[in-house]
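# Understanding the architecture of this molecule
Residue-level listing of the chains:
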Amino acid sequence: AKADGTTELYNPDKLLGSLRRAGASEDAATTIARDVEKELWSGISTQEIYSRAFARLREHRHAAAARYSLKRAVLDFGPSGFLFET
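Predicted, not measured: the structure shown is a model, and the values here were computed from it.

Applying the stated criterion to the full structure yields one aromatic pair. Both rings, one in Y50 and one in F54, keep their centres 6.3 Å apart while their planes meet at 25 degrees; by these two values the pair is stacked. Placement of the pair is Y50 and F54 together in helix α3 (residues 46-76), with a separation of four residues, close to one helical turn. Given a relative accessible area of 21%, F54 falls into the partly exposed group.

What follows is the structure, given as structure tokens:
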């Protein structure tokens, strides 16, 4: 059901496009859309679909940010690693 009360069939392309415009990679958008599709029910609102999708996008971004931070921290040690170990 849409915000104006009308109904329409679920269109995964609309959700994928919205996730991509929000900055999700192709892989992330596809994974998130598949996860959300497993939870759909007849009469679910568009707002609920997007709410679930963007909650997953936030989780995905936090995980990606954490991986990036860890990689950055290791690289900051430089080629010699932990100097205090030698």
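Turning our attention to the nonpolar core. By size, the foremost hydrophobic cluster in this structure holds 13 residues, and its most contacted members are L15, L19, A24, I32, V36 and A53. Of all the elements in the fold, those that place two or more residues in this core are α1 (12-21), α2 (26-37) and α3. A per-element tally of this core places α2 first, with five residues. Setting aside chain neighbours within four positions, we find I32 in contact with L19, A53, R56, L57 and H60.

What follows deals with the side chain of S18. Along the polypeptide, S18 turns up in helix α1. Beyond its immediate chain neighbours, meaning those up to four positions away, S18 contacts Y50 and F54.

Let's shift gears to the packing of α1 against α2. Running from N to C, α1 and α2 point in directions that differ by 135 degrees, and their axes come no closer than 9 Å. By the angle class used here, α1 and α2 are oblique. Judged by the sense of rotation from one axis to the other, the crossing of α1 with α2 is right-handed. Listed contacts from α2 to P12, L15, L16, L19 and R20 of α1 are E26, A29, T30, I32, A33, V36 and E37. Within the contact of α1 with α2, the residues separate by chemical class into eight nonpolar, one polar and three charged.

Basis of the calculations
Residues numbered from 1 in each chain as written. Predicted model: local features only at pLDDT ≥ 70, side-chain atom pairs only at ≥ 80, totals over all residues. Heavy atoms only, no water. Phe/Tyr/Trp six-rings, centres within 6.5 Å; stacked < 30°, edge-to-face > 60°. Helix = DSSP H or I, 4+ residues; strand = E, 2+ residues; numbered from the N terminus. Buried < 20%, exposed > 50% of the residue type's maximum accessible area, 1.4 Å probe, protein only. Core = buried A, V, L, I, M, F, W, Y, C linked by side-chain atoms within 4.5 Å. Contact = heavy atoms within 4.5 Å. Axes fitted to C-alpha atoms, helices over the stretch in contact; angles between N-to-C directions. Parallel < 35°, antiparallel > 145°, perpendicular 65-115°, else oblique. Left-handed = near helix turned anticlockwise from the far one by under 90°. Nonpolar A, V, L, I, M, F, W, Y, C, P; charged D, E, K, R; others polar.

So, to be careful, I would describe these as geometric facts and stop short of saying anything about function.
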